[in-house]
Amino acid sequence: MQDIYTMLSTLRRPRLLISAARHGLAQYDRNRALGRLLPHAALPSPGPAALKLMELEAMHDSARREHSGSYSVARHVEVLIALMGEARLLQDRAQAL
């Protein structure tokens, strides 16, 4: 199985989606975003959260590619922002060790 960093580095999405997510990353609020995207009693740690967000993002990307009427660009960008934020937290934790 691939690690989360490999999975993220191989992710290929349109530049506009990635650019929009990068712009939103500065305002990433983990509690608010994960509370909305991954509703649970307690927030997961960055590793499990990133894996769940990868699954959620794959579903959004599939809907995008299929031109589904239920596809929401805003929601897809929101998931990408959260995914980037969690990846940053994972990287910060790894560097602190």
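Refer to the structure printed above.
Report on the accompanying structure. (Residues numbered from 1 in each chain as written. Predicted model: local features only at pLDDT ≥ 70, side-chain atom pairs only at ≥ 80, totals over all residues. Heavy atoms only, no water.)

**A short note on the pattern of salt bridges**
Step number 1: One pass over the full model with this rule turns up 7 salt bridges.
Step number 2: Linking arginine 13 and aspartate 61 is a salt bridge whose minimum nitrogen-to-oxygen distance equals 3.4 Å. Taken as a pair, arginine 13 in the loop between helix 1 (4-9) and helix 2 (15-25) and aspartate 61 in helix 4 (residues 46-65) lie far apart in primary sequence, 48 residues in all. For the pair formed by arginine 13 and aspartate 61, the shared burial category is buried.
Step number 3: Arginine 75 is paired through a salt bridge with glutamate 78; the nearest N and O atoms lie 3.4 Å apart. Within this pair, arginine 75 and its partner glutamate 78 are both found in helix 5 (residues 73-96), separated by 3 residues, close to a single helical turn.
Step number 4: By relative accessible area, which is 31% here, arginine 75 ends up partly exposed.
Step number 5: Linked by salt bridges that have partners in common, Arg13, Glu57, Asp61, Arg64 and Arg65 make up one network. (Salt bridge = Lys/Arg side-chain N within 4 Å of Asp/Glu carboxyl O. Helix = DSSP H or I, 4+ residues; strand = E, 2+ residues; numbered from the N terminus. Buried < 20%, exposed > 50% of the residue type's maximum accessible area, 1.4 Å probe, protein only.)

**Focus on the nonpolar core**
Step number 1: If you look at the biggest cluster of nonpolar residues, it comprises 25 residues, and the most contacted ones within it are Ile4, Tyr28, Leu34, Leu37, Leu38, Leu53 and Ile81.
Step number 2: Listing elements by their share of this core, those giving two or more residues are helix 1, helix 2, helix 3 (30-37), helix 4 and helix 5.
Step number 3: Ranked by residues supplied to this core, first place goes to helix 5 with 7 residues.
Step number 4: Residues contacting leucine 37, with those up to four places away along its chain left out, are Leu53, Leu56, Arg75, Glu78, Val79 and Ala82. (Core = buried A, V, L, I, M, F, W, Y, C linked by side-chain atoms within 4.5 Å. Contact = heavy atoms within 4.5 Å.)

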